[in-house]
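Listed below are the residues making up each chain.
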Amino acid sequence: MRLIKLLCFFVVFQVSAQQGGMWIPSLLEGMNEDEMQNLGSKLTAKDIYDVNNSSLKDAIGHFNGGCTSEVISDKGLVLTNHHCGFSQIQSHSSLENDYIKNGFWAMSLEEELPNEGLFIEFIVSIHDVTDTVLNGVNDTMTEKEKQSLITRNSNAAMASWSKENWQDVKTKSFYEGNQYFLFVTERFEDIRLVGAPPSSIGKFGSDTDNWVFPRHTGDFSMFRIYADKNNRPAKYSKDNVPYKPKHYLPVSLDGVEEGDFTMVFGFPGRTNEYLPAVAIEHITKEYNPTNIEIREAALKVIDANMKASDEVRIKYASKQARIANAWKKWIGENLGIEKSDAVAKRREFETTFKKALKENGLEAKYGHILPEFDKLYKEFGPINIKRRNFVEVFLVTSELMQMTFRAYQVEQALLANPESLERAKASLKGSFEGILKNFDANVDKGVYLNVMPLYGKPVDASIYDKTAFTDLDSALKLLEGDAETVIKNLNDDAAYAYAKPIIDEFFNTIDAEFQQKNEVISALQTEYMTALMKALPNERYFPDANSTLRVTYGQVRGYSPRDAVYYNPVTYLEGVVEKYVPGDYEFDVPQKLLDLYNTKDYGPYADKNGKVPVCFLGTNHTTGGNSGSPAIDAEGNLVGLNFDRVWEGTMSDMNYDPEICRNIMVDLRYVLFIVDKYAGAKHLIDEMTLVHPKKASGKKNKKKKKAKK
Ligand code: ARG
Ligand code: ASP
């Protein structure tokens, strides 16, 4: 009995001690490799990232700059989330061909649908260029001088880097500007839609279930990368052929169970793990609540209209999902920060930091940082809120306001440079077309009337009757003529005339003040990061997410969201049926799926208890951008598809806590089951390499079972 207790304690301790963090794939040797192997991984650092041989990283693609995707066949078949491919699925949909509602499956290569503008980018290699980029930077320089030297150095590094002519390079800052890496990349631009389940599977549970567990969403879609005949990136062409990847992920039919190792490999977007307590307090107590309120006001109108009309539902589907997603996330983030007492804990940590500064003789150099943060956030808080509220009203919720904003930018460009007329017209035309394609003036007017008062400005509903912006033909007429005429046309428009002084105020006062204060805080944050690493060198530091390729790892684990409640880490098809509400817009289930369930027609996709797993939880530290990332087992096989986190755990963007932060993945067996049994697209399964790592080998025979190279 005592032994068991001790063991449990040890296990829990290990879990907390060795998880969290988004690590740079080229630097895993040593600590990360050890930690991963302690958690059960059989992979070496080189299996994951290797420049000279193919490795797991060659299968991981940045999907359109915002999500992650992975290659799962030698014909460039790619898996990502349903919500990542959603705007592509939507763009091919109409009332007649409603792929959002009914799903879409290409039964041959010819039926795959091209997507203009969509791209997938792979990482060829990663290089530390810190010395080059920081060359000549010193403490006597102003922040502006530092930044401009850094930009010059990094541009020079990129310009002189040797690469193939179809490749690109970029540099990125890590650890708040304490380290710099250069990436050589390959970007593929002919990406075709292969398949998507109906929303009643791919978005099952919709907003009610978004960000929560237990979860039963089959959040996946499939695309295919096409390359030119030399297997190189190319623009869309009928003559392009399926891409032959350097590596693709074998798919495991054995899944994972509680305690098993998992690793999530992808492109996390943005985290802020090293904020001072005062910043966390500002974000959760002041900043988030105002933005939540604005989105709530917009969603009230959009939701009601989507329920009332199918046409509005299709037009607003993507927009609504985007607005609702962050809205609900912020609510969860606030809950998590409060529940875990994160602010108080961060203050405690700051006491430790201050003590360490003293002990290491660093107080004179860095002792000013924390008091300065307290002072700066007091001044920065109000302007940060005001600026973001503007963004929420003008760029997120009200689309007429967004059009006036784009028009304003074009007017400014024309005033500065009348020569830019054609470019300016084209860009504004693009904005008008993009917005009006999925626009309903009545819905937008309702949104505007609800959100603008929250930005503290009087509303004028009559602008919707008078403006030319809300109809594409009349909007494009405004763009006819020379620069002077275009400027006059815009200024004569009622909506533009209404919005212009508000946008003027934004640029001249609000944004200007924000930029100036933000620069000072960023510089202090950089200094804080340096000081942390010097004062407490044995802490476990990982760089904040910055949309670059990262490895995060953990184990399959349930969690306890509240007193006396424990969530098992795996959900099953049974749960889909439990949640089924016939005809409901969130919880309807396709008849065919119910039939498969009733006849238990599961093929080889059930687990050893004869049930089809749907989703599972892990302790992998993920964030926005990790959607679509593969969950990889101890041997390099694909077992899951990351798509979300649990609600209280969304605070992991500021405060990863292994007790309650969990990522949510679709079990790959559910994906295969839907593709094969539901959609009848067996030809896609046949392209993949299916493996049984647990059955065939046991634990010893790992070498043979390693990821196919
Ligand atoms: N919460 C997940 C992420 O941030 C999934 C979002 C898509 N689903 C939705 N109902 N909006 O992106
Ligand atoms: N759903 C998110 C995404 O789209 C992932 C997350 O925030 O956990 O990237």
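Source: prediction; values computed, not measured. (Residues numbered from 1 in each chain as written. Chains lettered and ligands numbered in written order. Predicted model: local features only at pLDDT ≥ 70, side-chain atom pairs only at ≥ 80, totals over all residues. Heavy atoms only, no water.)

Caption draft 1: Summary view of the site of ligand 2. Around ligand 2, the neighbouring residues are H83, W211, T623, G624, G625, N626, S627, F643, D644 and R645. Between ligand 2 and the protein, one listed contact pairs an oxygen atom with a backbone N or O atom of G624 at 3.2 Å. At 2.6 Å, a backbone N or O of G625 approaches an oxygen atom of ligand 2. The protein chains hide 91% of the 280 Å² of surface that ligand 2 would expose on its own. Here the residues of the shell around ligand 2 sort into two nonpolar, six polar and two charged. (Near = heavy atom within 4 Å. Polar contact = N/O pair within 3.5 Å; in protein donor to acceptor, adjacent residues only side chain to side chain. Areas by Shrake-Rupley, 256 points an atom, 1.4 Å probe, with all protein chains shown as cover. Nonpolar A, V, L, I, M, F, W, Y, C, P; charged D, E, K, R; others polar.)

Caption draft 2: Quick look at the side chain of Q179. Examined against the element boundaries, Q179 turns out to sit in strand 8 (residues 179-188). Reaching out from Q179, the side chain makes a polar contact with the side chain of D128 at a distance of 3.2 Å. Filtering out sequence-adjacent residues up to four positions away, Q179 remains in contact with D128, T130, K172, S173 and F174. (Helix = DSSP H or I, 4+ residues; strand = E, 2+ residues; numbered from the N terminus. Contact = heavy atoms within 4.5 Å.)

Caption draft 3: Focus on the site of ligand 1. Contacts to ligand 1 come from H83, K203, S206, D207, N210, W211, A321, N325, S627, F643 and D644. Between ligand 1 and N210, the relevant distance is 2.8 Å, taken from a nitrogen atom to a side-chain nitrogen or oxygen of the residue. D644 has a polar side-chain atom sitting 2.8 Å from a nitrogen atom of ligand 1. Surface burial for ligand 1 is 89%, taken as the share of its 340 Å² of free accessible area covered by protein chains.

Caption draft 4: Molecular detail of the environment of C67. Within the element layout of this structure, C67 appears in strand 2 (residues 67-71). The class of C67 is buried, set by a relative accessible area of 11%. Distance from C67 to E338, taken between C-alpha atoms, is 29 Å for residues 271 residues apart in sequence. Ignoring anything within four residues of it in the chain, the contact list for C67 reads G61, H62, T80, C84, G625 and S627. (Buried < 20%, exposed > 50% of the residue type's maximum accessible area, 1.4 Å probe, protein only.)

Caption draft 5: Representation of the pairing of strand 14 (residues 550-555). For strand 14, the buried fraction is high: six of the six residues fall into the buried class. Of the two faces of strand 14, both are covered, the one formed by R550, T552 and G554 as well as the one formed by V551, Y553 and Q555. With six bridges connecting them, strand 13 (residues 261-266) and strand 14 associate as antiparallel partners. If you follow V264 over to strand 14, its bridge partner there is T552. (Pairing = 2+ DSSP bridges.)

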